[in-house]
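Structure assessment
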Amino acid sequence: MAPLESVWPEMIDSALPLAMPLLAPMALVAVRFFALLTTAPLFGTAAVPLHVRVGLAVLLGVTCGTTVGHALDMNVSVTGLAWLTLGEGLIGASLGLGVRIVLCGLDLAAALIEQQCGWAPAHLPGPSVSEPASPLGAPLAVLGALALLTLPPVGGDLYLVRSVLDSLRSIPPGSLAE
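All of the points below concern the structure found in this document.

What counts, and where the lines are drawn
Note that residues are indexed from 1 along each chain, following the sequence as it is written. Residues qualify for local features only when their pLDDT is at least 70, as the model is predicted, and side-chain atom pairs are given and counted only at 80 or more; totals for whole chains, interfaces and linings, by contrast, use all residues. Processing note: side-chain calculations cover all non-hydrogen atoms of the structure and skip hydrogens and water entirely. A run of H or I in DSSP counts as a helix once it spans at least four residues, and a run of E counts as a strand once it spans at least two, with each numbered from the N terminus. The rule is simple: take the accessible area with a 1.4 Å probe, protein chains only, and divide by the maximum for that residue type; under 20% is buried, over 50% is exposed, in between is partly exposed. Note on contacts: a residue pair is in contact if any heavy atoms of the two residues lie within 4.5 Å. Per-residue and other accessible areas follow the Shrake-Rupley method at a 1.4 Å probe size, with only the shown protein chains counted as cover for residues. Between the first and last residue of a helix there are one fewer steps than residues, each counted as 1.5 Å, and that sum is the expected span. Each direction from the helix axis to a C-beta atom contributes to the arc, which is the arc of those directions. The nonpolar core is taken to be a set of buried Ala, Val, Leu, Ile, Met, Phe, Trp, Tyr and Cys residues, with the residues joined through side-chain atoms within 4.5 Å. Pairing of N or O atoms within 3.5 Å defines a polar contact, subject to two protein rules: one partner must be a possible hydrogen donor and the other a possible acceptor, and residues neighboring in sequence count only if both atoms are side-chain atoms.

Of the regular secondary structure elements, the protein chain holds five helices and two strands. The N-to-C order of helical and strand elements in the protein chain reads α-α-α-β-β-α-α. Among the 178 residues that make up the protein chain, the fraction classed as buried is 31%. Restricting to contacts in the protein chain with at least 6 residues of sequence separation, those with at least 24 account for 68%. Per element, the accessible surface of the protein chain, about 10,700 Å² overall, is 74% carbon and sulfur.

Next comes the structure, spelled out in structure tokens:
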């Protein structure tokens, strides 16, 4: 009987073509969701542990990845799959950074208000970044993020998921290789 180390590469090579059509679309969608959750406000902070972000991304990837499996060409190499993964990560990160830029506008507005009021020298630890926030910027950033993510007219949490689903329709997983 051969040792497992010598048989393992052969087992992977024989199982990979069977598993790729099922797992690759789900994995690419999960990478897109993980990049979004890593860069989006509140989810991308130290307040949300990494394993929660990974679990949520895998859950959303498995749920949404089954609907887009037809769009992925299964004749890609491991290197091609790595490039596809990088592309999916960049798409998800750009969606999350777009939301983060909106909330950075609140930080800028708070800094301008504080400068006009004479509160500019005082600083507190920031809720969403490692840099110190201003006395008005910290509560304004928290309230802005909570309003964006939870209030009914905006529904930011659902809007983030909807934006990824729309991006899956406009840029299907695996289409960056074409």
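Additional details are given in the paragraphs that follow.
Here we come to the side chain of Arg 53. Inspection of the secondary structure assignment puts Arg 53 in helix α2 (residues 50-65). Looking at Arg 53, the relative accessible area reads 11%, which means it is buried. Leave out the neighbours within four places in its chain, and Arg 53 touches Phe 34, Leu 37, Thr 38, Phe 43, Gly 44, Thr 45 and Val 48.

This part takes up helix α5 (residues 156-170). With 15 residues, α5 ought to run about 21 Å at 1.5 Å a step, and its terminal C-alpha atoms sit 20 Å apart, in line with that. Residues Gly 156, Leu 160, Ser 163, Val 164, Ser 167 and Leu 168 constitute the buried set of α5. Across the axial projection of α5, the buried residues extend over an arc of 140°, all falling on one side. Opposite the packed face of α5, turned more than 90 degrees from it, sit the exposed residues Leu 158 and Arg 169.

Among the nonpolar cores identified, the biggest contains 13 residues, and Val 29, Phe 33, Leu 36, Cys 64, Leu 160, Val 164 and Leu 168 are the most heavily contacted of them. Listing elements by their share of this core, those giving two or more residues are α1 (4-39), α2 and α5. For this core, the element with the highest residue contribution is α1, accounting for four residues. Ignoring any residue separated from it by four or fewer positions in sequence, one finds Phe 33 in contact with Ala 57, Leu 60, Gly 61, Cys 64, Val 161 and Val 164.

Bringing helix α3 (residues 78-117) into the picture now. Given a rise of 1.5 Å per residue, 40 residues ought to cover 58 Å, and the 57 Å separating the end C-alpha atoms of α3 matches this to within 8%. Among the residues trailing α3, Gly 118 stands out with phi positive, at a value near 90°.

Attention shifts here to the environment of Thr 63. Summarising the element assignment, Thr 63 is placed in helix α2. Overall, Thr 63 belongs to the partly exposed group, its relative accessible area being 49%. Along the chain, Thr 63 and Met 26 lie 37 residues apart, while their C-alpha atoms are 7.9 Å from each other. Reaching out from Thr 63, the side chain makes a polar contact with the backbone oxygen of Leu 59 at a distance of 2.7 Å.

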